[in-house]
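Summary of the model geometry
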Amino acid sequence: MKHAVFIFSEDQLGYKFSDTHPFNQKRLVLTIDLLREMNALPEDLIVPARVASDEELLLAHDERYIEIVKKASRGEITPEAGESYGIGTEDTPIFENMHEASARLVGGTLTAVDYVMEGKAQHALNLGGGLHHGFRGKASGFCIYNDSSVAINYIKKKYEARVLYIDTDAHHGDGVQWSFYDDPDVCTVSIHETGRYLFPGTGNINERGSGQGYGTSFNFPIDAFTEDESFLDIYRTAMKEIVEFFKPDVILSQNGADAHYLDPLTHLYGTMNIYREIPKIAHELAHTYCDGRWIAVGGGGYDIWRVVPRAWSMIWMEMNNFPLPHGNLPEPWLSKWQPESPVPLIKTWEDPVNMYQAIPRKEEITDKNFQMLNKALYMIRNA
């Protein structure tokens, strides 16, 4: 059995709304190139992403919606006609072959699932996945098909396993949460910037699930300007209690890299320190509770030059038990990409010490997050 496999196909780069859209899959190329320069990504560990079938997409999406996406792919509907399905909007514009491109991202996550659940690898990483805002009959927030929702239902149907879904994207993992809100065999956890300031506006601590699924939905909405220490305190404390409570068979983690200070779409003040710790904790939990079964996907991340390649490289390094890197990034990588980057690249794995000015409300923000955590933990302990 391999430690981990890396799911990737060049075709995954076809998920592209426009040259100016913030969702830019160039980040996959930058991450892979960085890992290769680190001699951390042997070719025999790269597994091509397949295309999800319509039958598989139906595990989480309506047939009518899939047909609309196909028609939009062929230019057969107007943006106005697609608007009620969430496509043709400013966030999720129509592009050629969008169905095929979206189905391949889903297929990449299903490929990762099969490798892990069939025992061919302990861990699998599909950075092209993580499109957590997609709904059963509607696109949302740059997400057309929701690969995690499809994958979780696929795991339940094919492998009859209990799934813990962990989402550390700065945006609430709403599409996945609502897909399994009444399902006692799926636990969803999301730590994100409070919806008071950020899309999609959901993810309050009182969103706990419904019916038989009550008590299997957990949200940790942190305040804007939250820094590393507060973020990680919440993550570590909550995850330990939740995993012990739920006892999953497999972990699926969504690894958006947009909680970083430099991300242009969010208001959190994370640094590379959180992206060292997030995969470490997921890795440890997988081995302690799930016989090592850990599937990881990508997600948000809109500073594709300075943040995403470093953050996502940490996941793969952790999966393979490589020492997490310190010091300078490889010079060939910096030399290759700096001419194309619109901003000066950060030359080290760590962030600059004085990357931002001290937060005047740090104590207040930390205390507010602590109170939120205590409320959420009370709900866990009394579930």
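Residues numbered from 1 in each chain as written. Predicted model: local features only at pLDDT ≥ 70, side-chain atom pairs only at ≥ 80, totals over all residues. Heavy atoms only, no water.

1. Brief notes about the sheet that holds strand S6 (residues 217-222)
- One open sheet holds the 8 strands; their spatial order is S2-S1-S3-S8-S7-S4-S5-S6, and the pairing between them is parallel. Bordering the open sheet on either side are strand S2 (46-47) and S6, each of which pairs with just one other strand.
- Where strand S4 (residues 163-167) lies against strand S5 (residues 186-193), 5 bridges are found, and the strand directions are parallel. Paired with Leu164 across the two strands is Cys187, which belongs to S5.
- Each of strand S1 (2-7), S2, strand S3 (121-126), strand S7 (250-254) and strand S8 (294-297) touches helix H5 (residues 98-117); the most contacted strand, S3, lies at about 170° to it.
- Sheet contacts for helix H8 (residues 228-246): S4, S5 and S6; angle to S5, the most-contacted strand, approximately 170°. (Pairing = 2+ DSSP bridges. Helix = DSSP H or I, 4+ residues; strand = E, 2+ residues; numbered from the N terminus. Contact = heavy atoms within 4.5 Å. Axes fitted to C-alpha atoms, helices over the stretch in contact; angles between N-to-C directions.)

2. Quick look at the nonpolar core
- Counting 79 residues, the largest nonpolar core has Phe6, Leu164, Phe220, Ile242 and Trp316 as its most contacted members.
- The element that contributes the greatest number of residues to this core is H8, accounting for 9 residues.
- Those residues within four positions of Leu164 in sequence are excluded, and the remaining contacts are Cys187, Val189, Met239, Ile242, Val243, Phe246, Pro248, Val250, Ile251 and Leu252. (Core = buried A, V, L, I, M, F, W, Y, C linked by side-chain atoms within 4.5 Å. Buried < 20%, exposed > 50% of the residue type's maximum accessible area, 1.4 Å probe, protein only.)

3. Quick word on helix H12 (residues 362-381)
- Given a rise of 1.5 Å per residue, 20 residues ought to cover 28 Å, and the 28 Å separating the end C-alpha atoms of H12 matches this to within 8%.
- Considered for burial, the residues of H12 that qualify are Ile365, Asn369, Met372, Leu373, Ala376, Leu377 and Ile380. Along the long axis of H12, the arc covered by the buried residues comes to 140°, so they all point the same way. Opposite its buried face, H12 presents the exposed residues Glu363, Lys375, Tyr378 and Arg381, each directed more than 90 degrees away.
- For H12, the elements touching its buried residues are S6 and H8. (Expected span 1.5 Å × (residues − 1). Arc of directions from axis to C-beta.)

4. Regarding the pairing of S4
- Among the 5 residues in S4, 5 count as buried, and that is most of the element.
- The alternating pattern of S4 places Val163, Tyr165 and Asp167 on one face and Leu164 and Ile166 on the opposite face, and all of these are buried.
- Chirality of the crossover, the property in question, places the unit of S4, helix H7 (residues 174-179) and S5 among those that are right-handed. (Right-handed = clockwise from strand over helix to strand, strands pointing away.)

5. Some remarks on the packing of H8 against helix H9 (residues 272-289)
- The interhelical angle for the contact between H8 and H9, taken along N-to-C directions, is 10°, at an axis separation of 11 Å. Classified by the angle between their axes, H8 and H9 sit roughly parallel to one another. Residues Asp228, Phe231, Leu232, Tyr235, Arg236, Met239, Val243 and Glu244 of H8 pack against Asn273, Ile274, Glu277, Ile278, Ile281, Ala282, Leu285 and Tyr289 of H9.
- Its residues assigned to classes, the contact of H8 with H9 shows 11 nonpolar, 1 polar and 4 charged. (Parallel < 35°, antiparallel > 145°, perpendicular 65-115°, else oblique. Nonpolar A, V, L, I, M, F, W, Y, C, P; charged D, E, K, R; others polar.)

6. Remarks on the environment of Gly298
- You can see Gly298 is positioned in the loop between S8 and helix H10 (308-319).
- Looking at Gly298, the relative accessible area reads 0%, which means it is buried.
- For the pair Gly298 and Ser253, spaced 45 residues apart in the sequence, the C-alpha separation amounts to 8.5 Å.
- When near neighbours in sequence (up to four residues on either side) are disregarded, Gly298 contacts Asn126, Leu127, Gly129, Gly130, Gln254, Asn255, Gly256 and Trp312.

7. Concerning the packing of aromatic side chains
- Here the structure, examined in full by the defined rule, presents 17 aromatic pairs.
- Judged by centre distance (5.2 Å) and plane angle (75°), the rings of Tyr15 and Phe17 are edge-to-face.
- For Tyr15, a relative accessible area of 0% corresponds to the buried category.
- With a relative accessible area of 7%, Phe17 lands in the buried category. (Phe/Tyr/Trp six-rings, centres within 6.5 Å; stacked < 30°, edge-to-face > 60°.)

8. Considerations on the state of the cysteines
- Enumeration over the complete set of coordinates arrives at 0 disulfides.
- Free cysteine: Cys290, not disulfide-bonded; nearest cysteine sulfur from Cys187 at 11 Å.
- Assessed through its relative accessible area of 0%, Cys290 is described here as buried. (Disulfide = S-S within 2.5 Å.)

9. What about the side chain of Asp167?
- Checked against the element boundaries, Asp167 lands in strand S4.
- In this structure, Asp167 is buried with no salt-bridge partner, the nearest side chain bearing the opposite charge being Arg27 at 12 Å.
- What Asp167 contacts, discounting residues up to four positions off in sequence, is His132, Gly173, Val189, Ser190, Ile191 and Gln254. (Lys, Arg positive; Asp, Glu negative; His and termini not counted. Salt bridge = Lys/Arg side-chain N within 4 Å of Asp/Glu carboxyl O.)

10. Thoughts on the pattern of salt bridges
- In this structure the tally under the stated criterion is 27 salt bridges.
- Note that Glu340 is salt-bridged to Lys26, the shortest N-O span being 2.4 Å. With Glu340 in the loop between helix H11 (331-337) and H12 and Lys26 in helix H1 (residues 26-37), this pair connects stretches of sequence that are 314 residues apart.
- Owing to a relative accessible area of 44%, Glu340 belongs among the partly exposed residues under this scheme.

As far as function goes, none of this settles anything; it's purely spatial.
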